[in-house]
Amino acid sequence: MDPLPDRIAQTVGVIEVDIADFARLPDSGDAESGDERDRGPALMMLLVDEPGTCRLFVNDLRGPLHGVSYDGGTVRLYIDLSDPKWNLNLDVSHEARDFGFASFAFHPQFNQPGAPGFGKFYTFLETSNKAPEADFKPWNETQDHFDTILLEWTALDPAAAVYDGGPPRELLRIQQPHRWHNSGQVAFNPLAVPGEPDFGMLYVGTGDGGLPGAPYGHAQNLSFIYGKILRIDPLGSNSANGRYGIPEDNPFAGKPGRLAEIYAYGMRNPQRFGWDSQTGNLYVTDIGADVIDEISIVSAGANLGWNRWEGSFRTHPEPIVDGIYYPVDIGDPRGEPGITYPIVEFDHSDPLLKAAVAVTGIVAYRGDAIPELKDKLLFGDIVGGEVFYVHIDRPHDGGQDQIRRVLFNHEGETKTLLKLVQESRRQQGLSEIPRADLRFGTGPDGQIFLLNKRDGMIRHLGSAPKTTCPSP
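Definitions and limits used
Residues numbered from 1 in each chain as written. Predicted model: local features only at pLDDT ≥ 70, side-chain atom pairs only at ≥ 80, totals over all residues. Heavy atoms only, no water. Helix = DSSP H or I, 4+ residues; strand = E, 2+ residues; numbered from the N terminus. Rg over C-alpha atoms; globule rule 2.2 N^0.38 Å. Buried < 20%, exposed > 50% of the residue type's maximum accessible area, 1.4 Å probe, protein only. Contact = heavy atoms within 4.5 Å. Areas by Shrake-Rupley, 256 points an atom, 1.4 Å probe, with all protein chains shown as cover. Lys, Arg positive; Asp, Glu negative; His and termini not counted. Charge placed at Lys NZ, Arg CZ, Asp CG, Glu CD. Pairing = 2+ DSSP bridges. Phe/Tyr/Trp six-rings, centres within 6.5 Å; stacked < 30°, edge-to-face > 60°. 1 Å grid on protein atoms, 1.4 Å probe; cavity = no way out; pocket = protein on both sides within 12 Å on 5 of 7 lines; lining within 4 Å. Points joined across faces, edges and corners; volume = space filled by probe spheres on them. Nonpolar A, V, L, I, M, F, W, Y, C, P; charged D, E, K, R; others polar. Polar contact = N/O pair within 3.5 Å; in protein donor to acceptor, adjacent residues only side chain to side chain. Core = buried A, V, L, I, M, F, W, Y, C linked by side-chain atoms within 4.5 Å. Axes fitted to C-alpha atoms, helices over the stretch in contact; angles between N-to-C directions.

Engineer: What should I look at first to understand the overall build of the protein chain in this one?
Structural biologist: Looking only at helices and strands, one finds one helix and 32 strands in the protein chain. In terms of overall dimensions, the protein chain is globule-like: its C-alpha atoms have a radius of gyration of 21 Å, near the 23 Å expected for 472 residues. Here the C-alpha coordinates of the protein chain stretch approximately 60 × 60 × 50 Å along the principal axes. Across the 472 residues that make up the protein chain, the buried fraction comes to 59%. Pairs at least 24 residues apart make up 62% of the contacts formed inside the protein chain by residues separated by at least 6 positions. Roughly 18100 Å² of accessible area belongs to the protein chain as shown, and the carbon and sulfur atoms make up 49% of that amount. Both charge centroids of the protein chain, one from 42 positive and one from 66 negative side chains, sit 2 Å from each other.

Engineer: Looking at this model, I keep getting lost on the pairing of strand β7 (residues 75-80). Mind explaining?
Structural biologist: Moving residue by residue along a regular strand, the side chains alternate between the two faces of the sheet. Both strand β6 (residues 64-69) and β7 contribute to a ladder of five bridges, which runs antiparallel. Bridging from a neighbouring strand, Gly67 pairs with Arg76 of β7. Connecting the antiparallel pair β6 and β7 is a turn made up of five residues, with Gly72 showing a positive phi of about 75 degrees.

Engineer: Can you help me understand the pairing of strand β16 (residues 270-275) in this one?
Structural biologist: Counted residue by residue, β16 has six buried out of six residues, so it is predominantly covered. Note: β16 against strand β17 (residues 282-286), five bridges, orientation antiparallel. Its bridge partner lying in β17, Trp275 is registered against Leu282. Taken together, β16 and the strand that follows it, β17, pair antiparallel across an intervening segment of six residues, in which Gly280 is found at a positive phi of about 80 degrees.

Engineer: Honestly, the packing of aromatic side chains in this entry has me stumped. Any pointers?
Structural biologist: The relation between two aromatic rings is expressed through the spacing of the ring centres and the mutual angle of the planes. In this structure the tally under the stated criterion is 25 aromatic pairs. With 5.0 Å between their ring centres and 90 degrees between their planes, Trp86 and Trp153 make a pair best called edge-to-face. Within this pair, whereas Trp86 is found in the loop between β7 and β8 (101-106), its partner Trp153 is found in strand β10 (residues 146-154), the two being separated by 67 residues in sequence. An angle of 55 degrees between the planes, with centres 6.2 Å apart, marks the rings of Phe346 and Phe388 as tilted. On the criterion of sequence distance, the pair formed by Phe346 in strand β24 (residues 344-347) and Phe388 in strand β27 (residues 387-391) is long-range, its members being 42 residues apart. Look at Phe346 and you get buried, because its relative accessible area is 2%. Through a chain of ring-to-ring contacts, the aromatic side chains of Phe57, Tyr78, Trp86, Phe101, Phe104, Phe106, Phe110, Phe121, Trp153 and Tyr163 assemble into a single cluster.

Engineer: Mind showing me how you'd approach empty space enclosed by the protein here?
Structural biologist: Unoccupied space between atoms shows up once a probe the size of one water molecule is rolled over them. A complete count under the given rule lists two cavities of 30 Å³ or more for this structure. Each pocket or cavity is described by its volume, and for the second largest cavity that value is around 30 Å³. Every element with two or more residues in the lining of the second largest cavity is listed here: β18 (292-298) and β19 (309-310). By residue class, the composition of the lining of the second largest cavity is four nonpolar, one polar and four charged.

Engineer: Explanation requested: the side chain of Thr53 in the structure shown.
Structural biologist: Relative to the assigned elements, Thr53 resides in the loop between β4 (44-50) and β5 (55-60). The class of Thr53 is buried, set by a relative accessible area of 9%. Of note is the side chain of Thr53, whose polar atom sits 2.8 Å from the side chain of Glu50. Every residue in contact with Thr53, bar those within four places of it in the chain, is listed here: Phe110, Asn111, Pro158 and Ala159.

Engineer: Explain the nonpolar core to me, please; I cannot follow it from the model alone.
Structural biologist: Nonpolar side chains in soluble globular proteins tend to be buried together. Counting residues in each nonpolar core, the largest one holds 25 residues, and the members touching the most others are Leu150 and Leu202. Of all the secondary-structure elements, those providing two or more residues to this core are β9 (120-127), β11 (169-176), β12 (183-188), β13 (202-206), β14 (228-232) and β15 (262-265). It is β11 that provides the largest number of residues to this core, a total of three residues. Setting aside anything within four residues of it in sequence, one finds Leu202 in contact with Ala105, Tyr122, Leu150, Val186, Ala187, Phe188, Leu230, Arg231, Ile232 and Pro234. Grouped together as the second largest cluster of nonpolar side chains are 23 residues, Ile370, Val387, Ala436 and Ile448 included.

Engineer: Please explain the sheet that holds β12 as it appears in this structure.
Structural biologist: Strand pairing within a sheet occurs via backbone hydrogen bonds; the two strands may be parallel or antiparallel. Strands sit in the order β12-β13-β14-β15 across an open sheet of four strands; the sheet is antiparallel. Each having just a single partner strand, β12 and β15 make up the two edges of the open sheet. The mean inter-strand angle of the sheet, taken between neighbouring strand axes irrespective of direction, is 15 degrees.

Engineer: Sorry, what's going on with unusual backbone geometry here?
Structural biologist: When glycine is set aside, most residues are seen to have a negative phi, and most peptide bonds are trans. A cis amide bond, omega 10 degrees, links Trp306 with the succeeding residue Asn307. By secondary structure assignment, the location of Asn307 is in the loop between β18 and β19. Cis rather than trans, the peptide bond between Gly361 and Ile362 has omega equal to 0 degrees. Topologically, Ile362 is positioned in strand β25 (residues 359-365). A positive phi angle, near 55 degrees, is found at Cys54, a position not held by glycine. Mapping Cys54 onto the fold places it in the loop between β4 and β5. In this structure, Arg334 is a non-glycine residue whose phi angle is positive, near 55 degrees. Take Arg334: its relative accessible area is 24%, and that puts it in the partly exposed class.

Engineer: Would you take a moment to explain the environment of Val58 for this structure?
Structural biologist: Among the secondary structure elements, Val58 is positioned in strand β5. Along the primary structure Val58 and Pro234 are separated by 176 residues, whereas in three dimensions their C-alpha atoms are 22 Å apart. With near-sequence residues (within four places) excluded, Val58 lies in contact with Leu25, Met44, Leu46, Leu47, Pro64, Leu65, His66, Val68, Phe104, Leu451 and Ile458.

These results come straight from atomic positions and should not be treated as a statement about function.
Quick look at the structure:
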């Protein structure tokens, strides 16, 4: 069985761009531990530009949030969510390294004195604390591994080098049934301006929280929060718990039996999403179970199909036939009306990819600083660190035949991100590793950064970044 027989081209259409070290984050974790699972390079997850204070911010899964100057010369710890004074008890997985401080977002009014969102930013994380009672629970409530919580912090002086506010306010809490694809990204639409309905609305990605095969069917059930992208007003109060708002233009607002927070559904692990500054399209990367990882354009009320569909293919209700495992049916691709199918997808068995595959991204690059990447949609594979592109403005209908590679020119040599990470680790005296744990970030003027969880180095694509305002 081979649902996507066209292989990703290894040499055709390759774009090569310059890459350079930008800034290194300090190691994190238990200072007394000699085990890299507990103490080692920062587990970088997300890089966000906060233009009001002229800083980039980068979070570490173990708890730290660092501010980085626009020239990369200054790295300062802004806040550490693992500090006992916050009593958050982050739940960080030793094995998968995908639980803990997952994501964060700054309110678009963060640096506007007198505005409702002044000083406010939001963090999404896993905690072993089980109180207060969760706002959202799974179909099988006897399963309760940890909670995912969304918190609001309020800085007194947004420009301060270190967070100077008080304890956070909890907006919502999700009980997690299993240690599988739980919290995702949180972000505000950077294209929305004051007066528009989407301004100040927070988008929240939630994994389906299920075992392999998603036996609970949470992602398709509109009365459960799992396997969705949510859209809420963090400054509102008309939610069931009274701690955030429900936008009245949400697709399921006011519909009985459906969670009004839901913007789109039918996802397994919506790990990253992002907007195209030219078209306004919202793209999401969804990590598949057995065969397909996908990228889709998401609209209000969209159903991306999981767990009935994995990418363009139906999932098998009984996947083992005559002792052979067939996780998807390749006989009727895209055969159900009403499903939002991917614009691009890749096959876990492709020889360019590692044994484990997980799609990440996503950057719709419309800038001029890196001409080779203009009008390209950038994404990658978390594990192997491969970076790919497709053409944004050429309509795609799934498949991987249009996927092309991005390779990096580093000190006159062409390299993959994994090779760069491995070389960096050797220089630090760290052990060899088979994976990169890739993430993307964007800075001012559409600058592109690559993060990873293995060597603590933030890398910058293209020419050296320009400092457009004083360092913090």
